[in-house]
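Notes for the structure review
Here's the letter readout for the chains.
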There are 4 protein chains.
Amino acid sequence: MSLPEKDEYFQVHQSEGYTMELNGVEIEDTFAEAFPIKIARVLITGATKKWALVAAQEATGFGTSVIMCPAEAGIEKIVKNETPDGRPGVYIQICTFGFKALEEQLLKRLGQCVLTAPTAAMWNGLPKAEKQFDTGFKLKFFGDGFESEASIGGRKAYRIPMMQGDFIAEHSIGAQDGIAGGNFFIMADNQMAALAAAENAVDTIAQIEGTITPFPGGIVASGSKVGSINYAKFMKATTNEKYSPSIKDRIKDTNVPADVNAIYEIVINGLSTEAISKSMRAGIEAAVKIPGVKKISAGNYGGTLGPYKFNLKELF
Amino acid sequence: MSLPEKDEYFQVHQSEGYTMELNGVEIEDTFAEAFPIKIARVLITGATKKWALVAAQEATGFGTSVIMCPAEAGIEKIVKNETPDGRPGVYIQICTFGFKALEEQLLKRLGQCVLTAPTAAMWNGLPKAEKQFDTGFKLKFFGDGFESEASIGGRKAYRIPMMQGDFIAEHSIGAQDGIAGGNFFIMADNQMAALAAAENAVDTIAQIEGTITPFPGGIVASGSKVGSINYAKFMKATTNEKYSPSIKDRIKDTNVPADVNAIYEIVINGLSTEAISKSMRAGIEAAVKIPGVKKISAGNYGGTLGPYKFNLKELF
Amino acid sequence: MSLPEKDEYFQVHQSEGYTMELNGVEIEDTFAEAFPIKIARVLITGATKKWALVAAQEATGFGTSVIMCPAEAGIEKIVKNETPDGRPGVYIQICTFGFKALEEQLLKRLGQCVLTAPTAAMWNGLPKAEKQFDTGFKLKFFGDGFESEASIGGRKAYRIPMMQGDFIAEHSIGAQDGIAGGNFFIMADNQMAALAAAENAVDTIAQIEGTITPFPGGIVASGSKVGSINYAKFMKATTNEKYSPSIKDRIKDTNVPADVNAIYEIVINGLSTEAISKSMRAGIEAAVKIPGVKKISAGNYGGTLGPYKFNLKELF
Amino acid sequence: MSLPEKDEYFQVHQSEGYTMELNGVEIEDTFAEAFPIKIARVLITGATKKWALVAAQEATGFGTSVIMCPAEAGIEKIVKNETPDGRPGVYIQICTFGFKALEEQLLKRLGQCVLTAPTAAMWNGLPKAEKQFDTGFKLKFFGDGFESEASIGGRKAYRIPMMQGDFIAEHSIGAQDGIAGGNFFIMADNQMAALAAAENAVDTIAQIEGTITPFPGGIVASGSKVGSINYAKFMKATTNEKYSPSIKDRIKDTNVPADVNAIYEIVINGLSTEAISKSMRAGIEAAVKIPGVKKISAGNYGGTLGPYKFNLKELF
């Protein structure tokens, strides 16, 4: 039921400049608008993949949007043993608007959620970046003088004795300019179809280097607009009523197609426009495989807000 | 190899006032010291158990210790369908030292991590508490005038149209006085044995009503002492060197037994001393089943800090 | 703890004898037809919940239908530490048409998939049943004379030395008459909606004592009819074309409603009619919560095959 | 991206021909002995990674050892969307001693555990192999005449209408000569350390193409010897008492070192000696990272049984 009649399973139909289709799903001729952010990248290793993930999840929680979270944060990628200590690892990204806030978030999130996590160690995820924070050096003082310097896998690190045994922290954590707010919308006839498509998109993006999807499970249920119609005095961002299926009959200029009853947004932060483009493409390709997906769109502010534009058609 | 010779598998040996054993593991004659905190309790439901958990994990992340996290937070318990909307649910607790900080954390964590999460809805986890925050009422303004009031499962709630469909938020979230810092130590001959025992303890506590284990995976790798020997001018909490196995040979008055090479601490917050006692007991009972566990202890400050004392021996 | 006084979400509307609705979803006035089977019940414990589950999954795999699998098998329920050795446990059921085949399956599945599994132990899940197999006694010979008898948690067991340490096998495994083929159909407008509803149903049934859902993930994608129209000479069971949405336009007397595009069946085996009724009810209640579910039905052969009939209306 | 120039953690010390160490762990100068088997390879796709895995797990269950299981079977590798239908996929291997038994197992396991699984499709995992079974063709008759032929992703397949929608089965499933019984032993001072090391080894091998680890969770708890000392008349394989830690004091010529208290074996089947060598190497490298691991060995029968020998030293 979910498969096309023809065997050209993944064909891009780009007719005279207007309608692009992927696996029979319309790709709207629009673009995602994104903006600059500062990104620190940390490699967390653990005794097993599970324990590396436990630390990474705690450290990146409460990190969906800088609107009201102290940072945007997420898991970038799981790696096998291409790590300084040869153990399983997880790359995470932590994003804020400035380097000062970023340094504070690194200290708090690594100090409270990685140093405290069973078997975890922390490594510089951007050792060649110009900007380097001495977060590991600062954390070594937890050792109360019993810590020592160590060189592990060629990295300058500290060995901090604690109850579980030693915690290993690399001296520096690198950061760089990055991009926040890459995105696309998955529009489907049914909420569960939109959700399965979003899950597929996130699973695929999780294997791509350089990007994170910071929202819960990688998915945004509540795509918003800037400002407010009715509560303009105190609300800076409110629901995007033109993309709200349950009230499409009440909104004259709704953007919700007649056959669409649920929309999920995938928001992507990343180290480069190339990485974000790659993740947007892979995510969309994964999403359109789910039966019930009707259209792919993207969120922008007419180009007035962010300097980065990701045109959906140009991804393919 | 892991089982006792005798068939009285789970026997409590309490000899002349000094040595208690559980499954052959010494329970030290000591106590956990805990202190008061404010706790809000939220019930998050989702389309499936998975999606309720996704929202709960994001909302409780970056929440291990109020030392440098904005709150202590964790998942209390998964429930089947005894929920206002009859869907699978997860109770979470969010803890801060005062109600003002708690209200702010509720607004931020529920607004950014639950309202944004696929299929999630939020409900009052303490509807009978005296203290009630109108967090759901505040979040309804995200609906920008398109929201409406609803009564669901007897709860006063708001239906907020958004991209995925509607988000349901109960008007109020209750809070009460609670207890933070209930704890016990698991001491084992090997780090992996201590860790498996800690994992077992956390899994068991996860089924008990009223408590959370806020650290990563429910486990603390880095039990600390108040203050510092060598960095007293700027460090308020540092490693507990007397319980640090890797330096036990250098610490004259070490508390690490000769056969112990790793210690994990389980920290428990909860709604009542009864709930914490129950979780400490169940967690210890689960931990001592793992081969290699040598001793159970607990952390205190000589009774000078917290008003709550949980004597290990009295738990059984 | 804060359950609703009135349940608006989950109301049963039973009008004049014909149409029953649950949460707005039609419950068809039909019945599931089931038949007798023999069931052995085994309790598998492990060092942690994870390892108990690993053994249970291996032991119950390749066990969906006795049509071509050597047994029907599944996980019944996870238990905390109400087990003979006080460790986390998982109850499984293994089902065949006769006791002889059942004994063979027990020996093979426990000997190859539990005895070999890390940290697993095996216990009698029906110690009071009249029918007892000495599977543990037979497995003890793997110990090659180095095994010994042990009494653990009041159970007569064997301690078999092996590479990981000792394997503990209880002497006997009990079996009894049971019921196979309890079932219901979940009909939805979209495959992903039907699937999420099925997942919810299975998650709920997994917490009910006495039943299993033996198909992959607990779900049947391929509900069948007895016999064949076009391949009657060699096919004993074929697709149920009257319930096949993708060809509903070609089947004159289709049972697929116009708004239904996917149907999943949940098949339930269990120790008693009461347990199956309870699981059918809980599963249906969980399924109808998913948006897009249109109708609940059930599979029968007009009452000609099985002696057990589960009338959907009578469940509520 | 930031890998160490020199690897201090993971150094191979090969001194004068006798003692090899990896990360401080002795690699015994011995070899694994393996034997020929027939292997069929199937690619299972699903709507999401989860559902592909659900089908794969059911289809490969009850498949640890051909001693008493109808086949040895396991999950080889998860793939993103390099699949004929562009959906997430899982490669599995099914192994028996002859092609006839293999064909029967394919028909039963794919027909009962994949055709029945939600959203699953089945594809030829060895399309270039000389030996091809028409398992998909045989399964198409389940469609009872309503099935149709389809070409998807260049593969000849059948579209079988059923309750969930259509099941897609590729016409042929390929098979080839393979190798069973590649293996190594992980010896540790504590059962939980040996188990974490085994878990790490299996996680790493799961990312390598061409091999499976068919035992529960990929791990063997009960490494055996051929024949029996005390029950020779009826037992063909019994516990390997020379490698049984709990009785090492009673066995004069025990092979269990004084500091070892638990041993897990990883058994590897695969499509080629190269794939098995690669998996053995990666698995051992992952295992020796866990604190408490003391020695790596391997199982053989003195070279009398299997024609394939994997010398541990030659892997590095």
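Residues numbered from 1 in each chain as written. Chains lettered and ligands numbered in written order. Predicted model: local features only at pLDDT ≥ 70, side-chain atom pairs only at ≥ 80, totals over all residues. Heavy atoms only, no water.

1. Here's the deal with the relation of the copies chain A and chain B
Spelled out, the test is: Least squares is used to superpose the copies, and the fit set is the C-alpha atoms of residues whose pLDDT is at least 70 in both copies. Here, residues are in contact when the closest pair of their heavy atoms is within 4.5 Å.
Of the transformation superimposing chain A on chain B, the axial component is 0.0 Å and the angular component is 180°, with the fit at an RMSD of 0.0 Å. Considering both components of the superposition, the chain copies are consistent with a two-fold axis. It is Gly61(A) whose C-alpha, among those of chain A, lies nearest the rotation axis, at 1.8 Å. The residues that chain A uses at the interface reappear at the interface of chain B in 100% of cases, marking a shared surface.

2. Brief notes about the packing of aromatic side chains
Two measures describe an aromatic ring pair: the distance that separates the ring centres and the angle between the ring planes. Put simply, the test is: Between rings of Phe, Tyr and Trp, where Trp is taken as its six-membered ring, a pair exists when centres lie within 6.5 Å; planes separated by under 30 degrees are stacked, by over 60 edge-to-face, and by other angles tilted. Numbering goes from the N terminus for both helices and strands, where a helix is a DSSP run of H or I of at least four residues and a strand is a run of E of at least two. Buried, partly exposed and exposed residues are distinguished by accessible area as a fraction of the type maximum, computed with a 1.4 Å probe on protein chains only: under 20%, between the cut-offs, and over 50%, respectively. Counted as over-ring charges are cases with an Arg CZ or a Lys NZ within 6 Å of the ring centre that also lie within 35 degrees of the ring normal.
Taken as a whole, this structure holds 32 aromatic pairs over all chains when the rule is applied. Plain terms: the ring middles of Phe35(B) and Phe97(B) are 6.0 Å apart, the flat faces sit at 50° to each other, and that makes the pair tilted. Of this pair, Phe35(B) sits in strand E4 (residues 31-45) while Phe97(B) sits in the loop between strand E6 (89-96) and helix H2 (99-113); the two residues are 62 residues apart in sequence, bridging distant segments of the chain. Relative accessible area serves as the criterion here: at 52%, Phe97(B) is assigned to the exposed category. Relative to Tyr243(C), the ring of Phe185(C) lies with its centre 5.2 Å away and its plane at 80°, an arrangement referred to as edge-to-face. Taken together, the residues Phe185(C) in strand E12 (residues 173-188) and Tyr243(C) in the loop between strand E15 (237-239) and strand E16 (262-270) connect sequence positions 58 residues apart. Overall, the relative accessible area of 12% leaves Tyr243(C) in the buried class. Each member of the aromatic cluster is reached from another via a ring pair, and the members are Phe137(A), Phe141(A), Tyr158(A), Tyr231(B) and Phe234(B). Seen from the ring of Phe99(A), Lys131(A) lies directly overhead, with NZ or CZ sitting 5.2 Å from the centre. Here the basic side chain of Lys140(B) rests over the ring of Phe141(B), its NZ or CZ set 4.6 Å away from the ring centre.

3. Points about the confidence of the model for chain A
Convention followed: Within a predicted model, pLDDT stands for the predictor's per-residue confidence, ranging from 0 to 100.
Per-chain confidence: chain A averages 93 in pLDDT, with 94% of residues scoring 70 or above. Predicted confidence is poor over residues 1-16 of chain A, with pLDDT under 50, and the contacts of this stretch with residues over four places away or in other chains come to 44 contacts.

4. Things to note about the relation of the copies chain A and chain C
Mapping chain A onto chain C leaves a residual RMSD of 0.0 Å; the transformation is a rotation of 180° accompanied by 0.0 Å of translation along its axis. The share of interface residues of chain A whose copies in chain C are also at the interface is 90%, consistent with both copies meeting through the same surface.

5. Thoughts on unusual backbone geometry
Notably, Asp144(A) is not glycine yet its phi reads approximately 55°, a positive angle. When you line up the elements, Asp144(A) lands in the loop between helix H3 (135-139) and strand E9 (148-152). Residue Asp144(A) is classed as buried on the basis of its relative accessible area of 0%. Of note in this structure, Asn23(C) is not a glycine but carries a positive phi near 55°.

6. Considering the state of the cysteines
For clarity, the cut-off: Disulfides are defined in this document as cysteine sulfur pairs within 2.5 Å.
Enumeration over the complete set of coordinates arrives at zero disulfides over all chains. Free cysteine: Cys95(C), not disulfide-bonded; nearest cysteine sulfur from Cys69(C) at 12 Å. Cys69(D) forms no disulfide, and the closest cysteine sulfur to it belongs to Cys113(C), at a distance of 4.5 Å. Note on Cys69(D): relative accessible area 5%, which makes it buried.

7. Some remarks on the pairing of strand E11 (residues 165-170) of chain D
Residues and elements named next belong to chain D. Threshold: Between any two strands, at least two bridges found by DSSP are needed for them to pair.
Within E11, six of the six residues are buried, which leaves the element mostly enclosed by the surrounding structure. Across six bridges, the pairing between strand E10 (residues 155-162) and E11 is antiparallel. By the bridge assignment for E11, Met-162 is matched with Gly-165. Between the antiparallel neighbours E10 and E11 lie two residues.

8. Remarks on the pattern of salt bridges
Note the threshold: The term salt bridge refers to a pairing of a side-chain nitrogen on Lys or Arg with a carboxyl oxygen on Asp or Glu at a separation within 4 Å.
Taken as a whole and assessed by the stated rule, the structure comprises 68 salt bridges over all chains. Glu103(D) serves as the salt-bridge partner of Lys138(D), at 3.2 Å between the closest nitrogen and oxygen. Taken as a pair, Lys138(D) in helix H3 (residues 135-139) and Glu103(D) in helix H2 (residues 99-113) lie far apart in primary sequence, 35 residues in all. Taking the relative accessible area as the measure of exposure, Lys138(D) reaches 35% and is therefore partly exposed. Between Glu170(D) and Arg155(D) there is a salt bridge, and its shortest N-O distance comes to 2.8 Å. You can see Glu170(D) sitting in strand E11 and its partner Arg155(D) sitting in strand E10, a full 15 residues away along the chain. For Glu170(D), a relative accessible area of 7% gives the class buried. Taken together, the shared-partner salt bridges connect Glu103(A), Asp134(A) and Lys138(A) into one network.

9. Some points on the environment of Ser148(A)
Residue and element names in this part refer to chain A. Mapped onto the elements, Ser-148 comes out in strand E9. On the accessibility criterion, Ser-148 (34% relative accessible area) is partly exposed. Distance in space between the C-alpha atoms of Ser-148 and Phe-35 is 41 Å, their sequence separation being 113 residues. Setting aside residues no more than four positions away along its own chain, Ser-148 makes contact with Ala-157, Tyr-158 and Arg-159.

10. Examining the interface of chain A and chain B
Rules: What gets called buried area is simply the loss in accessible area from a 1.4 Å probe that two parts show on being joined, summed for both. The term polar contact refers here to a pair of N or O atoms within 3.5 Å; inside protein, the definition further demands a hydrogen-donor-capable atom paired with an acceptor-capable atom, and it admits residues adjacent in sequence only when both atoms are side-chain atoms. In this classification, Asp, Glu, Lys and Arg are treated as charged, Ala, Val, Leu, Ile, Met, Phe, Trp, Tyr, Cys and Pro as nonpolar, and every other residue, Gly included, as polar.
Between chain A and chain B, the residue contacts involve 78 residues of the former and 79 residues of the latter. Of the roughly 6,200 Å² buried between chain A and chain B on both sides combined, carbon and sulfur atoms contribute 64%. Applying the counting rule to chain A against chain B returns four salt bridges. Residue Glu199(A) is joined to Lys50(B) by a salt bridge in which the shortest nitrogen-to-oxygen separation is 2.8 Å. At the junction of chain A and chain B, the tally comes to 42 residue pairs in polar contact (both at pLDDT 80 or more). Where the side of chain A that touches chain B is concerned, the elements lending two or more residues are helix H1 (49-60), helix H2 (99-113), strand E10 (155-162), strand E11 (165-170), helix H4 (191-205), strand E14 (224-226), strand E15 (237-239) and strand E16 (262-270) of chain A. For the side of chain A that touches chain B, the leading source of residues is H2(A), giving six residues. Split into classes, the residues belonging to the side of chain A that touches chain B amount to 40 nonpolar, 25 polar and 13 charged.

11. What about helix H5 (residues 273-287) of chain D?
Here is the rule: Expected helix span is given by 1.5 Å per residue-to-residue step, counting one fewer step than there are residues.
With 15 residues, H5(D) should cover 21 Å at 1.5 Å per step; its first-to-last C-alpha distance of 21 Å lies within 8% of that length. Of the residues making up H5(D), those classed as buried are Ala275(D), Ile276(D), Ser279(D), Met280(D), Ala282(D), Gly283(D), Ile284(D), Glu285(D), Ala286(D) and Ala287(D).

12. Considering the environment of Lys38(A)
Residues and elements named next belong to chain A. Along the polypeptide, Lys-38 turns up in strand E4 (residues 31-45). Accessibility expressed as a relative area gives 21% for Lys-38, which makes it partly exposed. With 233 residues separating them in the primary sequence, Lys-38 and Leu-271 have C-alpha atoms 9.1 Å apart. If near-sequence neighbours (up to four positions away) are discounted, Lys-38 is found in contact with Ile-94, Cys-95, Thr-96, Phe-97, Gly-98, Phe-99, Leu-102, Gln-176 and Asp-177. At a separation of 2.4 Å, a polar atom in the side chain of Lys-38 contacts the side chain of Asp-177.

13. Comments concerning the interface of chain A and chain C
One frequently used descriptor of interface size is the decrease in accessible area upon assembly of the parts. Across the boundary between the two partners, chain A contributes ten residues, which contact eleven residues of chain C. Summed over both partners, the interface of chain A with chain C comes to about 740 Å²; 67% of that surface belongs to carbon and sulfur atoms. Put simply, chain A and chain C have zero salt bridges between them. Counting every contact that joins chain A to chain C gives two residue pairs in polar contact (both at pLDDT 80 or more). Looking at the side of chain A that touches chain C residue by residue, the classes come out as six nonpolar, three polar and one charged.

14. A short note on the environment of Leu102(C)
All names here are of chain C. Structurally, Leu-102 can be placed in helix H2 (residues 99-113). We classify Leu-102 as buried; its relative accessible area is 0%. C-alpha of Leu-102 to C-alpha of Phe-133: the two residues are 31 residues apart in sequence and 9.3 Å apart in space. Discounting residues that sit within four places of it in the chain, Leu-102 has contacts with Lys-38, Ile-39, Ala-40, Ile-94, Cys-95, Thr-96, Phe-133 and Ala-175.

15. Section: the domain arrangement of chain A
Residue and element names in this part refer to chain A. Defined as follows: Domain delimitation in this document rests on an assignment produced automatically or drawn from a domain database.
Domain boundaries in chain A define domain 1 (12-34 + 178-315) and domain 2 (37-176). For domain 1 versus domain 2, the distance between C-alpha centres works out to 31 Å. Approximately 1,300 Å² of surface area, both sides summed, lies buried where domain 1 meets domain 2, with 57% of it carried by carbon and sulfur atoms. The largest share of the area that domain 1 buries against domain 2 comes from Gly-178, Ile-212 and Leu-271, three residues that together contribute 42% of it. Here domain 1 and domain 2 share one salt bridge between them. Taking the shortest distance from any N to any O, the salt bridge between Lys-77 and Glu-209 comes out at 3.6 Å.

16. A look at the side chain of Ser244(B)
Of note, Ser244(B) is situated in the loop between strand E15 (237-239) and strand E16 (262-270). Not counting residues up to four positions away in its chain, the partners in contact with Ser244(B) are Pro161(A), Met162(A), Met163(A), Thr239(B) and Val256(B).

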